[in-house]
Amino acid sequence: MEPPNGAAALVVPVAMPSLTRDSFNAQSLGRGLNAHVKQARVLMVGAGGIGCELLKNLALTGFGEVHIVDLDTIDLSNLNRQFLFRHEHIKKSKALVAKEAAQRFNPHVKIIAHHANIKDAEFNIGWFSSFKLVFNALDNLEARRHVNKMCLAADVPLIESGTTGFNGQVQVIKKGVTACYDCSPKETPKSFPVCTIRSTPSQPIHCIVWGKSYLLNEIFGASEDESAFDHSADGENANEIEELKRESAALRKIRQSVGTPEFPRMLFGKVFDTDIVRLRSMEDMWKDRKPPEPLDYDALMQRAAAAMAAKDAVLRDAQKVWSLEENLVVFHDSLERLSKRVLGTKASENGSAEAAIITFDKDDEDTLDFVAASANIRSSLFGIDRKSKFDIKQMAGNIIPAIATTNAIVAGLCVLEAFKVLKGEYDQAKEVFLTPFAPARLLGADKSREPNPECPVCGVFQKRVCVDLSRATLNDLVEDFLKTELGYGDKEISVSNDVGILYDPDETDNLAKKLADLGIKSDSFLTIADEDDEEPFVNVQLAILEATEPLPDKPIKGTWEGPIAIPTKPKKTPEPEPETNGNGHANGKHPAVEAAADARATGTTKRPHPEDLTELSTSKKAKTAPPDDDVVILDDSAGGAIVIDD
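These figures come from a predicted structure and were not determined experimentally.

Cut-offs and rules
Residues numbered from 1 in each chain as written. Predicted model: local features only at pLDDT ≥ 70, side-chain atom pairs only at ≥ 80, totals over all residues. Heavy atoms only, no water. Phe/Tyr/Trp six-rings, centres within 6.5 Å; stacked < 30°, edge-to-face > 60°. Helix = DSSP H or I, 4+ residues; strand = E, 2+ residues; numbered from the N terminus. Buried < 20%, exposed > 50% of the residue type's maximum accessible area, 1.4 Å probe, protein only. Pairing = 2+ DSSP bridges. Axes fitted to C-alpha atoms, helices over the stretch in contact; angles between N-to-C directions. Contact = heavy atoms within 4.5 Å. Disulfide = S-S within 2.5 Å.

A. Structural context of the packing of aromatic side chains. Summed over the entire model, instances satisfying the criterion amount to 17 aromatic pairs. For the pair Phe83 and Phe105, a centre-to-centre distance of 6.4 Å together with 70° between the ring planes defines the contact as edge-to-face. With Phe83 in the loop between β2 (65-69) and α4 (94-103) and Phe105 in the loop between α4 and β3 (110-114), this residue pair connects regions lying 22 residues apart in the sequence. On the accessibility criterion, Phe83 (28% relative accessible area) is partly exposed.

So this is what it looks like as structure tokens:
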């Protein structure tokens with residue numbers, strides 16, 4: 001009806017329906033996927049750089065229940081990229097603080113934090129089995145391998161991720177469907193020949209390792225850090241090795257003088273004078289290189305008077321490359337600080353030597369100053385460039401520049417791949433590589449690799465067995481279970497665990513021992529290898545589950561119903577050799593040249609298949625590939641770090 005002349009029209013406001021967070025998620029994801037997300041119980045291992053971003057994403061996306069496991073505490077150096085943490089959180093548990101901070105993003109998500117080691121017994125196969133999905137946000141090789149193995153044993157999908165600098169990677173791992181973390185071999189962390197570190201250094205890193213893994217440990221630590229040294233050539237340098245052992249013994253005697261007025265002079269004289277004089281006496285060692293120059297403590301102290309007066313300014317300037325005199329000042333001051341710590345700890349712990357042990361920490365100013373000064377003084381003796389304290393911290397702590405944006409992108413990719421896993425679309429899952437300096441595109445996605453039949457972890461036949469550990473012996477396992485139940489019969493087999501071989505035809509001493517006495521417990525893994533030359537079975541991996549009730553018949557029982565058939569190892573067929581044109585490369589071309597030519601012809605970048613790529617971690621620097629080469633070759637080492645060959 002029209003309003004009367006001159007009357008204003010009556011406008012009735014219509015109330016718009018308010019959209020909840022869940023409504024927005026349902027619109028974005030679709031109702032089906034959103035329902036899967038809300039019901040999902042997931043585990044996130046690691047609450048560091050990627051973990052903070054990933055936990056925020058999981059909360060905002062509305063995952064029903066999220067468990068966090070992290071053993072670490074928050075350091076000052078974490079705050080630039082782990083945005084859930086603040087200065088007041090330093091020294092607190094990462095997992096507990098991350099839970100508290102992330103809960104504010106979505107109070108409806110149930111977040112449970114565990115300040116613990118993921119390798120603890122409480123996190124067993126049954127516990128892993130309770131999750132719909134596991135996310136790895138770790139930075140070390142050992143923990144990644146453990147989670148990979150546990151997820152395979154529990155048959156739970158795993159999303160592996162890592163970053164280093166500007167590079168990142170995300171990988172979906174599903175038992176029997178995609179390649180696992182160990183399908184590609186991993187190199188061991190870098191170690192250095194002991195004689196190079198102790199006798200003939202030629203690079204700053206050699207002197208840094210000497211200060212961190214040798215001198216600090218001999219004076220204030222437990223013992224020499226063997227992981228940093230390569231002893232493979234010890235036999236070739238037997239005389240030198242014996243001399244180095246005597247030098248270490250002499251240092252341990254000097255250690256008894258910690259805190260006395262003569263301690264700095266004794267230590268300096270030993271490592272920077274007496275030991276150097278001995279090295280100079282070995283004339284054959286210096287035929288092709290300049291011998292080191294020993295230093296006199298008293299003479300250098302006189303020259304360092306001005307630097308000593310400006311000690312506070314020297315200690316504050318971590319960016320400056322200190323002079324030899326300034327390094328002596330820092331060496332002397334750090335020795336005084338460390339000695340006070342040792343003596344104070346011994347006094348409070350009733351003289352306990354173990355309690356007084358000091359280990360290197362990149363965020364511990366006392367140990368960092370000692371290592372920096374010691375390394376620089378040693379570099380001066382051997383004519384090696386000195387480094388700033390800032391650079392030495394990077395090198396000694398294996399620090400890779402961590403980019404917050406990279407962590408955020410990788411965390412987002414983890415959630416996108418999780419959507420495919422929740423829908424069961426493993427054929428759509430990708431291995432995604434973040435390579436911002438590639439000429440074509442920021443993100444490169446490749447189809448997930450198939451499992452490697454030769455993989456020692458996922459290329460095995462996996463079964464879970466229930467064991468009465470109070471009475472089961474190794475003989476029960478071998479004779480009654482493996483040979484009868486699993487069908488090995490008269491085959492020659494070996495049984496091993498993480499420690500070594502427990503049984504083989506020539507090692508039968510353990511047969512009468514109980515499995516518990518051999519270190520086998522719940523969630524232990526046993527590997528059975530078929531030694532038969534004719535059609536051998538693939539390796540079998542048994543996950544041990546401790547029986548909660550006494551087993552009525554035999555002390556070992558399989559958790560499956562009916563007979564099983566262990567597959568045999570596939571027979572290897574020799575690969576035909578490619579035709580070459582006299583230069584060792586197929587068709588007369590180097591593979592990299594062919595790949596680059598293909599890329600230029602199609603206008604795209606030729607990416608290596610992910611079989612040639614390996615995951616990333618925060619432990620090794622990425623080097624830039626040559627500008628005229630479109631093919632990037634990655635070398636995995638040091639706990640999963642990426643290295644781009646020069």
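From this point on, the discussion continues.
B. Quick look at the sheet that holds strand β11 (residues 461-467). Taken in spatial order, the six strands make up an open sheet running β13-β12-β14-β15-β11-β16, and their pairing is mixed. The sheet is open, and its two borders are formed by β13 (501-503) and β16 (556-558), each paired with just one other strand. Direction aside, the axes of adjacent strands within the sheet are offset by 35° on average. Looking at chain direction, β11 and β16 are connected through three bridges and run antiparallel. Bridged to Cys466 within β16 is Lys557. The strands touched by helix α18 (residues 474-485) within the sheet are β11, β12 (493-496), β13, β14 (525-530), β15 (540-546) and β16, with β16 carrying the most contacts at an inclination of about 35°.

C. Just the state of the cysteines, in detail. Within the structure shown, the criterion is met by zero disulfides. The closest cysteine sulfur to the non-disulfide-bonded Cys180 is located on Cys458, 3.6 Å from its own sulfur. A residue is classified by how much of its surface remains accessible, and Cys180, at 1% relative accessible area, is buried.

D. Examining the environment of Thr359 more closely. Residue position: Thr359 is located in the loop between α14 (324-348) and α15 (365-381). On the basis of relative accessible area, Thr359 is assigned to the exposed category, the value being 52%. Each C-alpha atom, one on Thr359 and one on Phe220, is 7.4 Å from the other, the two residues being 139 residues apart in sequence. In this structure, Thr359 is in contact with Leu216 and Thr367, ignoring residues within four places of it in sequence.

No statement about biological role is implied by the geometric values presented.
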